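# A look at the structure
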Amino acid sequence: MYNITVIPGDGIGPEVTEATLAVLAATGVSFNWQRVEMGHVAWERFGNPVPAETVAAMRKSDACLKGPCATPAGAPFRSPNVTVRLELDLFASVRPCKAYPGVRTPFAGTDLVVIRGITEDKAGGGQFAAGGPEARAIIEALANVAGKRIPAAAALSLATCTEMGTARLARFAFDYARRNGRHRVTVGVKGGGANHMEALFWQVCQEKSKEYPDIECEYEAIDVIFLQLVRRPQQFDVLLVPGNYGGLLSGVCAGLVGGLGMAGGANYGDSLAVFEAAHGSAPKYTGQNKANPMALILSGALMLRYLGECRAAERVEAAVSAQVSEGKCLTYDLAPTPEAIHGTREVAAELARRVRGTKG
Ligand code: NAD
(Lines give C-alpha, C1' and ligand atoms only; values in the text may rest on other atoms or scores of the structure.)
Protein backbone atom coordinates (compact mmCIF):
# COMPACT_ATOMS: atom_id res chain seq x y z
CA MET A 1 0.00 0.00 0.00
CA TYR A 2 1.53 3.32 -1.07
CA ASN A 3 0.69 6.53 0.76
CA ILE A 4 0.17 9.19 -1.88
CA THR A 5 -0.54 12.86 -1.21
CA VAL A 6 -3.03 14.05 -3.80
CA ILE A 7 -3.35 17.75 -4.61
CA PRO A 8 -6.35 18.35 -6.90
CA GLY A 9 -5.36 22.01 -7.34
CA ASP A 10 -7.33 24.61 -9.29
CA GLY A 11 -9.43 24.91 -12.45
CA ILE A 12 -9.42 21.62 -14.38
CA GLY A 13 -7.17 20.13 -11.66
CA PRO A 14 -9.86 18.25 -9.70
CA GLU A 15 -11.31 16.73 -12.91
CA VAL A 16 -8.02 15.47 -14.35
CA THR A 17 -6.93 14.32 -10.89
CA GLU A 18 -10.04 12.16 -10.32
CA ALA A 19 -9.63 10.77 -13.85
CA THR A 20 -6.02 9.85 -13.06
CA LEU A 21 -6.89 8.19 -9.75
CA ALA A 22 -9.47 6.03 -11.58
CA VAL A 23 -6.84 4.85 -14.09
CA LEU A 24 -4.18 4.24 -11.44
CA ALA A 25 -6.68 2.26 -9.34
CA ALA A 26 -7.39 0.07 -12.39
CA THR A 27 -3.78 -1.20 -12.27
CA GLY A 28 -4.60 -3.10 -9.06
CA VAL A 29 -1.70 -1.45 -7.21
CA SER A 30 -2.84 -0.48 -3.67
CA PHE A 31 -2.89 3.20 -2.84
CA ASN A 32 -3.92 5.21 0.14
CA TRP A 33 -4.83 8.64 -1.30
CA GLN A 34 -4.63 11.62 1.04
CA ARG A 35 -6.24 14.66 -0.58
CA VAL A 36 -4.90 18.07 0.54
CA GLU A 37 -5.24 21.59 -0.81
CA MET A 38 -2.80 23.89 -2.54
CA GLY A 39 -3.11 26.81 -4.94
CA HIS A 40 -5.69 29.52 -5.35
CA VAL A 41 -8.33 27.34 -3.73
CA ALA A 42 -6.15 27.02 -0.59
CA TRP A 43 -5.47 30.73 -0.59
CA GLU A 44 -9.22 31.47 -0.64
CA ARG A 45 -9.89 28.99 2.18
CA PHE A 46 -6.89 29.42 4.45
CA GLY A 47 -5.27 32.66 3.26
CA ASN A 48 -2.19 30.62 2.26
CA PRO A 49 -1.71 28.95 -1.16
CA VAL A 50 0.72 26.43 0.32
CA PRO A 51 -0.62 25.50 3.79
CA ALA A 52 1.91 24.01 6.22
CA GLU A 53 -0.31 20.90 6.62
CA THR A 54 -0.06 20.28 2.87
CA VAL A 55 3.74 20.46 2.91
CA ALA A 56 3.86 18.22 6.02
CA ALA A 57 1.62 15.62 4.31
CA MET A 58 3.80 15.72 1.19
CA ARG A 59 6.96 15.13 3.22
CA LYS A 60 5.47 12.07 4.90
CA SER A 61 4.15 10.38 1.75
CA ASP A 62 5.74 7.88 -0.64
CA ALA A 63 5.03 10.22 -3.56
CA CYS A 64 2.72 13.12 -4.48
CA LEU A 65 0.32 13.50 -7.38
CA LYS A 66 -0.43 17.14 -8.08
CA GLY A 67 -2.98 18.90 -10.23
CA PRO A 68 -2.20 22.37 -11.61
CA CYS A 69 -2.20 25.28 -9.15
CA ALA A 70 -3.13 28.72 -10.42
CA THR A 71 -1.31 31.99 -9.88
CA PRO A 72 -3.80 34.37 -11.52
CA ALA A 73 -2.42 37.66 -12.89
CA GLY A 74 -2.05 40.12 -10.03
CA ALA A 75 -2.42 37.39 -7.38
CA PRO A 76 -1.19 38.60 -4.00
CA PHE A 77 0.97 35.49 -3.59
CA ARG A 78 4.03 33.87 -5.17
CA SER A 79 3.46 30.85 -7.44
CA PRO A 80 2.56 27.92 -5.16
CA ASN A 81 4.38 25.65 -7.62
CA VAL A 82 7.67 27.51 -7.17
CA THR A 83 7.15 27.81 -3.41
CA VAL A 84 6.65 24.08 -2.92
CA ARG A 85 9.60 23.15 -5.17
CA LEU A 86 11.91 25.34 -3.11
CA GLU A 87 10.40 24.25 0.20
CA LEU A 88 10.83 20.54 -0.60
CA ASP A 89 14.07 21.03 -2.53
CA LEU A 90 12.67 19.39 -5.65
CA PHE A 91 15.56 20.30 -7.92
CA ALA A 92 14.99 18.36 -11.15
CA SER A 93 12.00 18.61 -13.46
CA VAL A 94 11.51 15.80 -15.98
CA ARG A 95 9.19 16.17 -18.98
CA PRO A 96 9.08 13.21 -21.36
CA CYS A 97 7.77 14.20 -24.80
CA LYS A 98 6.75 11.27 -26.94
CA ALA A 99 4.67 11.42 -30.12
CA TYR A 100 2.25 8.55 -29.66
CA PRO A 101 1.12 7.04 -32.96
CA GLY A 102 -2.26 8.55 -33.82
CA VAL A 103 -1.45 12.04 -32.54
CA ARG A 104 -1.62 14.59 -35.36
CA THR A 105 1.91 15.94 -35.61
CA PRO A 106 4.44 16.41 -38.40
CA PHE A 107 7.03 15.09 -35.93
CA ALA A 108 6.19 11.38 -35.69
CA GLY A 109 8.92 9.42 -33.95
CA THR A 110 9.78 12.20 -31.49
CA ASP A 111 10.71 10.66 -28.17
CA LEU A 112 12.80 12.96 -26.00
CA VAL A 113 13.00 14.05 -22.39
CA VAL A 114 13.56 17.58 -21.12
CA ILE A 115 15.37 17.73 -17.77
CA ARG A 116 15.73 21.14 -16.20
CA GLY A 117 16.79 22.58 -12.90
CA ILE A 118 13.99 24.18 -10.91
CA THR A 119 15.65 25.48 -7.77
CA GLU A 120 18.31 27.67 -9.40
CA ASP A 121 18.32 30.08 -12.35
CA LYS A 122 15.49 32.60 -11.85
CA ALA A 123 13.86 30.42 -9.17
CA GLY A 124 17.08 30.66 -7.12
CA GLY A 125 17.38 34.44 -7.33
CA GLY A 126 14.37 36.66 -7.11
CA GLN A 127 12.17 39.20 -8.83
CA PHE A 128 12.36 42.84 -7.82
CA ALA A 129 9.67 45.33 -8.79
CA ALA A 130 10.63 48.50 -10.71
CA GLY A 131 11.27 51.41 -8.38
CA GLY A 132 10.98 49.22 -5.25
CA PRO A 133 13.47 49.65 -2.38
CA GLU A 134 15.13 46.27 -3.08
CA ALA A 135 15.63 46.95 -6.81
CA ARG A 136 17.01 50.40 -6.04
CA ALA A 137 19.41 49.02 -3.40
CA ILE A 138 20.70 46.35 -5.79
CA ILE A 139 21.14 48.89 -8.61
CA GLU A 140 23.09 51.14 -6.28
CA ALA A 141 25.26 48.23 -5.06
CA LEU A 142 26.02 47.16 -8.63
CA ALA A 143 27.03 50.69 -9.50
CA ASN A 144 29.43 50.74 -6.53
CA VAL A 145 30.85 47.24 -6.90
CA ALA A 146 30.96 46.73 -10.65
CA GLY A 147 30.49 50.19 -12.12
CA LYS A 148 27.26 49.02 -13.78
CA ARG A 149 24.94 51.80 -14.84
CA ILE A 150 21.45 50.30 -14.66
CA PRO A 151 18.51 52.73 -14.95
CA ALA A 152 17.19 53.44 -11.44
CA ALA A 153 13.64 52.61 -12.54
CA ALA A 154 14.46 49.12 -13.86
CA ALA A 155 12.68 45.97 -12.68
CA LEU A 156 15.23 43.27 -11.89
CA SER A 157 15.35 39.52 -12.14
CA LEU A 158 18.20 37.71 -10.45
CA ALA A 159 19.28 34.26 -11.66
CA THR A 160 21.72 31.88 -9.99
CA CYS A 161 23.90 28.93 -10.97
CA THR A 162 26.09 27.05 -8.52
CA GLU A 163 28.55 24.24 -9.00
CA MET A 164 26.82 22.15 -6.33
CA GLY A 165 23.32 22.68 -7.73
CA THR A 166 24.39 21.93 -11.29
CA ALA A 167 26.40 18.86 -10.26
CA ARG A 168 23.43 17.22 -8.57
CA LEU A 169 21.17 18.09 -11.50
CA ALA A 170 23.69 16.65 -13.98
CA ARG A 171 24.12 13.51 -11.86
CA PHE A 172 20.35 13.13 -11.81
CA ALA A 173 20.15 13.53 -15.60
CA PHE A 174 22.89 11.00 -16.35
CA ASP A 175 21.40 8.50 -13.87
CA TYR A 176 17.98 9.06 -15.44
CA ALA A 177 19.41 8.44 -18.91
CA ARG A 178 21.08 5.23 -17.73
CA ARG A 179 18.00 3.93 -15.90
CA ASN A 180 15.72 4.65 -18.84
CA GLY A 181 17.83 3.22 -21.66
CA ARG A 182 18.75 6.59 -23.11
CA HIS A 183 22.17 7.20 -24.61
CA ARG A 184 22.79 10.88 -25.21
CA VAL A 185 22.44 14.01 -23.08
CA THR A 186 22.51 17.33 -24.93
CA VAL A 187 23.31 20.26 -22.66
CA GLY A 188 21.68 23.45 -23.88
CA VAL A 189 23.06 26.83 -22.80
CA LYS A 190 24.62 29.88 -24.38
CA GLY A 191 28.08 29.56 -22.93
CA GLY A 192 30.17 31.98 -24.97
CA GLY A 193 31.75 35.28 -23.96
CA ALA A 194 31.28 36.41 -20.39
CA ASN A 195 28.14 34.42 -19.72
CA HIS A 196 29.55 33.06 -16.48
CA MET A 197 26.37 31.38 -15.33
CA GLU A 198 25.80 29.31 -18.42
CA ALA A 199 29.49 28.57 -18.97
CA LEU A 200 29.57 27.18 -15.42
CA PHE A 201 26.49 25.06 -16.12
CA TRP A 202 28.14 23.45 -19.18
CA GLN A 203 31.53 23.06 -17.48
CA VAL A 204 30.00 21.21 -14.50
CA CYS A 205 27.82 18.98 -16.72
CA GLN A 206 30.86 18.13 -18.83
CA GLU A 207 32.87 17.28 -15.71
CA LYS A 208 30.09 15.08 -14.28
CA SER A 209 29.66 13.27 -17.60
CA LYS A 210 33.13 11.72 -17.15
CA GLU A 211 31.58 9.45 -14.51
CA TYR A 212 29.16 8.12 -17.15
CA PRO A 213 31.27 6.83 -20.05
CA ASP A 214 28.26 4.88 -21.38
CA ILE A 215 26.27 8.12 -21.93
CA GLU A 216 27.30 10.56 -24.62
CA CYS A 217 27.32 14.19 -23.46
CA GLU A 218 27.32 17.02 -25.99
CA TYR A 219 26.97 20.80 -25.94
CA GLU A 220 24.53 22.58 -28.23
CA ALA A 221 23.74 26.29 -28.18
CA ILE A 222 20.24 26.74 -26.82
CA ASP A 223 19.03 28.72 -29.85
CA VAL A 224 20.25 25.94 -32.16
CA ILE A 225 18.29 23.44 -30.04
CA PHE A 226 15.10 25.45 -30.57
CA LEU A 227 15.85 25.64 -34.28
CA GLN A 228 16.49 21.89 -34.55
CA LEU A 229 13.39 21.08 -32.50
CA VAL A 230 11.09 22.63 -35.08
CA ARG A 231 12.95 20.90 -37.92
CA ARG A 232 14.00 17.43 -36.73
CA PRO A 233 13.23 16.83 -33.04
CA GLN A 234 13.74 13.07 -33.49
CA GLN A 235 17.50 13.66 -33.24
CA PHE A 236 17.31 14.49 -29.52
CA ASP A 237 17.33 12.01 -26.66
CA VAL A 238 17.73 13.87 -23.33
CA LEU A 239 17.92 17.67 -23.18
CA LEU A 240 19.54 19.06 -20.02
CA VAL A 241 19.04 22.78 -19.46
CA PRO A 242 18.80 25.45 -16.74
CA GLY A 243 15.34 26.28 -15.41
CA ASN A 244 14.25 29.11 -17.60
CA TYR A 245 15.23 27.64 -20.94
CA GLY A 246 13.66 24.40 -19.73
CA GLY A 247 10.28 26.02 -19.16
CA LEU A 248 10.27 27.32 -22.72
CA LEU A 249 11.63 24.08 -24.19
CA SER A 250 8.97 21.99 -22.43
CA GLY A 251 6.24 24.12 -23.99
CA VAL A 252 7.68 23.74 -27.48
CA CYS A 253 8.25 20.01 -26.98
CA ALA A 254 4.66 19.50 -25.74
CA GLY A 255 3.53 21.18 -28.97
CA LEU A 256 5.57 18.71 -31.01
CA VAL A 257 3.81 15.69 -29.53
CA GLY A 258 0.15 16.72 -29.48
CA GLY A 259 -0.08 19.64 -27.08
CA LEU A 260 -0.27 20.25 -23.36
CA GLY A 261 -2.85 17.50 -22.91
CA MET A 262 -0.14 14.93 -23.65
CA ALA A 263 2.74 16.36 -21.63
CA GLY A 264 3.27 14.58 -18.32
CA GLY A 265 6.05 15.32 -15.92
CA ALA A 266 7.58 15.05 -12.48
CA ASN A 267 9.70 17.08 -10.09
CA TYR A 268 12.30 15.11 -8.16
CA GLY A 269 14.24 15.79 -4.97
CA ASP A 270 16.66 13.48 -3.19
CA SER A 271 13.96 11.65 -1.26
CA LEU A 272 10.61 12.87 -2.62
CA ALA A 273 8.97 13.34 -5.98
CA VAL A 274 5.88 15.24 -7.12
CA PHE A 275 4.15 14.09 -10.29
CA GLU A 276 2.31 16.73 -12.29
CA ALA A 277 1.34 17.58 -15.85
CA ALA A 278 3.09 20.36 -17.73
CA HIS A 279 -0.17 22.23 -18.23
CA GLY A 280 -1.79 24.77 -15.96
CA SER A 281 -5.32 25.05 -14.56
CA ALA A 282 -6.91 26.04 -17.93
CA PRO A 283 -9.61 28.04 -16.07
CA LYS A 284 -11.88 28.42 -19.10
CA TYR A 285 -12.53 24.65 -19.07
CA THR A 286 -13.21 24.33 -15.34
CA GLY A 287 -16.04 21.93 -14.56
CA GLN A 288 -16.81 21.25 -18.23
CA ASN A 289 -15.63 17.63 -18.41
CA LYS A 290 -13.56 18.73 -21.39
CA ALA A 291 -9.87 18.73 -20.40
CA ASN A 292 -7.55 15.99 -21.57
CA PRO A 293 -6.57 13.90 -18.52
CA MET A 294 -3.78 12.04 -20.35
CA ALA A 295 -0.98 14.41 -19.31
CA LEU A 296 -1.66 13.77 -15.62
CA ILE A 297 -2.30 10.07 -16.30
CA LEU A 298 1.13 9.83 -17.97
CA SER A 299 2.57 11.63 -14.93
CA GLY A 300 0.84 8.93 -12.87
CA ALA A 301 2.68 6.31 -14.94
CA LEU A 302 5.96 8.05 -14.05
CA MET A 303 4.90 7.83 -10.41
CA LEU A 304 4.31 4.08 -10.76
CA ARG A 305 7.86 3.69 -12.10
CA TYR A 306 9.23 5.77 -9.23
CA LEU A 307 7.46 3.43 -6.80
CA GLY A 308 8.99 0.43 -8.57
CA GLU A 309 5.67 -0.62 -10.16
CA CYS A 310 7.16 -0.72 -13.66
CA ARG A 311 4.77 -3.31 -15.09
CA ALA A 312 1.76 -1.23 -13.98
CA ALA A 313 3.40 1.86 -15.54
CA GLU A 314 3.83 0.02 -18.84
CA ARG A 315 0.16 -1.01 -18.77
CA VAL A 316 -0.98 2.60 -18.29
CA GLU A 317 1.32 3.88 -21.06
CA ALA A 318 0.22 1.07 -23.39
CA ALA A 319 -3.45 1.94 -22.71
CA VAL A 320 -2.82 5.60 -23.57
CA SER A 321 -0.93 4.60 -26.69
CA ALA A 322 -3.68 2.20 -27.84
CA GLN A 323 -6.49 4.66 -27.16
CA VAL A 324 -4.73 7.50 -28.98
CA SER A 325 -3.84 5.33 -31.94
CA GLU A 326 -7.40 3.92 -32.17
CA GLY A 327 -8.74 7.50 -32.22
CA LYS A 328 -12.28 6.72 -31.06
CA CYS A 329 -12.47 8.01 -27.49
CA LEU A 330 -10.40 11.16 -27.02
CA THR A 331 -10.87 14.69 -25.72
CA TYR A 332 -11.42 17.60 -28.10
CA ASP A 333 -7.71 18.36 -28.50
CA LEU A 334 -6.79 14.94 -29.91
CA ALA A 335 -9.97 13.51 -31.46
CA PRO A 336 -9.54 13.01 -35.22
CA THR A 337 -13.32 13.31 -35.90
CA PRO A 338 -16.25 15.03 -34.12
CA GLU A 339 -17.72 11.60 -33.22
CA ALA A 340 -14.52 10.68 -31.41
CA ILE A 341 -14.76 13.66 -29.02
CA HIS A 342 -15.49 12.52 -25.47
CA GLY A 343 -15.30 14.10 -22.03
CA THR A 344 -12.58 13.80 -19.39
CA ARG A 345 -14.52 11.17 -17.42
CA GLU A 346 -15.37 9.04 -20.46
CA VAL A 347 -11.79 9.06 -21.72
CA ALA A 348 -10.55 8.02 -18.27
CA ALA A 349 -13.20 5.28 -17.92
CA GLU A 350 -12.17 3.82 -21.28
CA LEU A 351 -8.49 3.97 -20.29
CA ALA A 352 -9.27 2.27 -16.97
CA ARG A 353 -11.14 -0.47 -18.83
CA ARG A 354 -8.11 -1.03 -21.07
CA VAL A 355 -5.74 -1.12 -18.10
CA ARG A 356 -7.94 -3.64 -16.26
CA GLY A 357 -8.03 -5.75 -19.42
CA THR A 358 -4.25 -6.20 -19.42
CA LYS A 359 -2.39 -8.57 -17.10
CA GLY A 360 -1.14 -7.16 -13.80
P1 NAD B 1 -2.76 26.42 -19.20
O2 NAD B 1 -1.84 25.29 -19.44
O3 NAD B 1 -3.62 26.33 -18.00
O4 NAD B 1 -3.72 26.60 -20.45
C5 NAD B 1 -3.34 27.02 -21.75
C6 NAD B 1 -4.28 26.42 -22.78
O7 NAD B 1 -3.83 25.08 -23.05
C8 NAD B 1 -5.72 26.22 -22.29
O9 NAD B 1 -6.49 27.35 -22.50
C10 NAD B 1 -6.17 25.06 -23.13
O11 NAD B 1 -6.54 25.51 -24.41
C12 NAD B 1 -4.93 24.22 -23.25
N13 NAD B 1 -4.87 23.15 -22.23
C14 NAD B 1 -4.15 23.14 -21.09
N15 NAD B 1 -4.32 21.98 -20.45
C16 NAD B 1 -5.15 21.24 -21.19
C17 NAD B 1 -5.70 19.94 -21.06
N18 NAD B 1 -5.41 19.15 -20.01
N19 NAD B 1 -6.55 19.49 -22.00
C20 NAD B 1 -6.83 20.24 -23.06
N21 NAD B 1 -6.35 21.49 -23.26
C22 NAD B 1 -5.51 21.97 -22.34
O23 NAD B 1 -1.86 27.74 -19.16
P24 NAD B 1 -2.22 29.22 -18.68
O25 NAD B 1 -3.56 29.61 -19.22
O26 NAD B 1 -1.03 30.02 -19.03
O27 NAD B 1 -2.28 29.15 -17.10
C28 NAD B 1 -3.49 29.06 -16.37
C29 NAD B 1 -3.14 28.99 -14.89
O30 NAD B 1 -2.38 27.80 -14.63
C31 NAD B 1 -2.30 30.16 -14.40
O32 NAD B 1 -2.84 30.63 -13.19
C33 NAD B 1 -0.92 29.57 -14.18
O34 NAD B 1 -0.26 30.19 -13.12
C35 NAD B 1 -1.24 28.12 -13.84
N36 NAD B 1 -0.18 27.16 -14.18
C37 NAD B 1 0.09 26.19 -13.29
C38 NAD B 1 1.03 25.22 -13.58
C39 NAD B 1 1.29 24.13 -12.57
O40 NAD B 1 0.55 23.99 -11.62
N41 NAD B 1 2.34 23.33 -12.72
C42 NAD B 1 1.70 25.22 -14.83
C43 NAD B 1 1.37 26.23 -15.75
C44 NAD B 1 0.44 27.20 -15.42
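Rules used throughout
- Residues numbered from 1 in each chain as written.
- Predicted model: local features only at pLDDT ≥ 70, side-chain atom pairs only at ≥ 80, totals over all residues.
- Heavy atoms only, no water.
- Near = heavy atom within 4 Å.
- Polar contact = N/O pair within 3.5 Å; in protein donor to acceptor, adjacent residues only side chain to side chain.
- Areas by Shrake-Rupley, 256 points an atom, 1.4 Å probe, with all protein chains shown as cover.
- Nonpolar A, V, L, I, M, F, W, Y, C, P; charged D, E, K, R; others polar.
- Phe/Tyr/Trp six-rings, centres within 6.5 Å; stacked < 30°, edge-to-face > 60°.
- Lys NZ or Arg CZ within 6 Å of the ring centre and 35° of its normal.
- Axes fitted to C-alpha atoms, helices over the stretch in contact; angles between N-to-C directions.
- Helix = DSSP H or I, 4+ residues; strand = E, 2+ residues; numbered from the N terminus.
- Parallel < 35°, antiparallel > 145°, perpendicular 65-115°, else oblique.
- Contact = heavy atoms within 4.5 Å.
- Core = buried A, V, L, I, M, F, W, Y, C linked by side-chain atoms within 4.5 Å.
- Buried < 20%, exposed > 50% of the residue type's maximum accessible area, 1.4 Å probe, protein only.
- Lys, Arg positive; Asp, Glu negative; His and termini not counted.
- Salt bridge = Lys/Arg side-chain N within 4 Å of Asp/Glu carboxyl O.

Neighbouring the ligand are 22 residues; Cys69, Gly280, Ala282, Asn292 and Tyr332 lie closest to it. In the environment of the ligand, an oxygen atom lies 3.3 Å from a nitrogen or oxygen atom belonging to the side chain of lysine 66. Protein coverage of the free-state accessible area of the ligand, which is 810 Å², stands at 71%. Its residues placed into classes, the shell around the ligand shows twelve nonpolar, six polar and four charged.

This part covers the packing of aromatic side chains. For the structure shown, the criterion picks out twelve aromatic pairs. Put simply, the rings of Phe91, Phe172, Tyr176, Tyr268, Phe275 and Tyr306 pair up and form one aromatic cluster. Between lysine 290 and the ring centre of tyrosine 332, over which it is positioned, the NZ or CZ distance is 5.1 Å.

On to the packing of helix 8 (residues 222-229) against helix 9 (residues 243-256). Relative to each other, helix 8 and helix 9 sit at 10°, their axes nearing to 11 Å. One finds that helix 8 runs roughly parallel with respect to helix 9. Touching Ile222, Ile225, Phe226 and Leu229 of helix 8 are Tyr245, Leu248, Leu249, Val252, Cys253 and Leu256, all from helix 9. Each residue belonging to the contact of helix 8 with helix 9 can be placed in one class, and the counts come to ten nonpolar, no polar and no charged.

Right, let's talk about the nonpolar core for a bit. Of all hydrophobic cores here, the largest spans 71 residues; its most connected members are Ile115 and Leu240. Counting residues per element, this core draws most heavily on helix 10 (residues 294-306), at eight residues. What leucine 240 contacts, discounting residues up to four positions off in sequence, is Ile115, Leu169, Ala170, Ala173, Val185, Thr186, Val187, Gly188, Phe201 and Cys205. Ala99, Ile222, Leu229 and Cys253 belong to the second largest nonpolar core, which has 15 residues in total.

This next bit is on the environment of threonine 358. Structurally, the position occupied by threonine 358 is in the segment after helix 12 (344-356). Judged by relative accessible area, which is 32%, threonine 358 ranks as partly exposed. Residues threonine 358 and alanine 318 lie 40 residues apart in sequence; the distance between their C-alpha atoms is 9.4 Å. Within polar-contact distance, the side chain of threonine 358 engages the side chain of arginine 315 at 3.0 Å.

Along the chain, aspartate 10 turns up in the loop between strand 1 (2-7) and helix 1 (13-25). No salt bridge is formed by the buried aspartate 10; its nearest oppositely charged neighbour, lysine 66, is found at 8.1 Å. From its side chain, aspartate 10 meets the backbone nitrogen of valine 41 in a polar contact 2.9 Å long. Aside from chain neighbours lying at most four places away, what touches aspartate 10 is Met38, Gly39, His40, Val41, Pro68, Cys69, Ala70 and Ser281.

Functional significance is not addressed by these values, which are geometric in nature.
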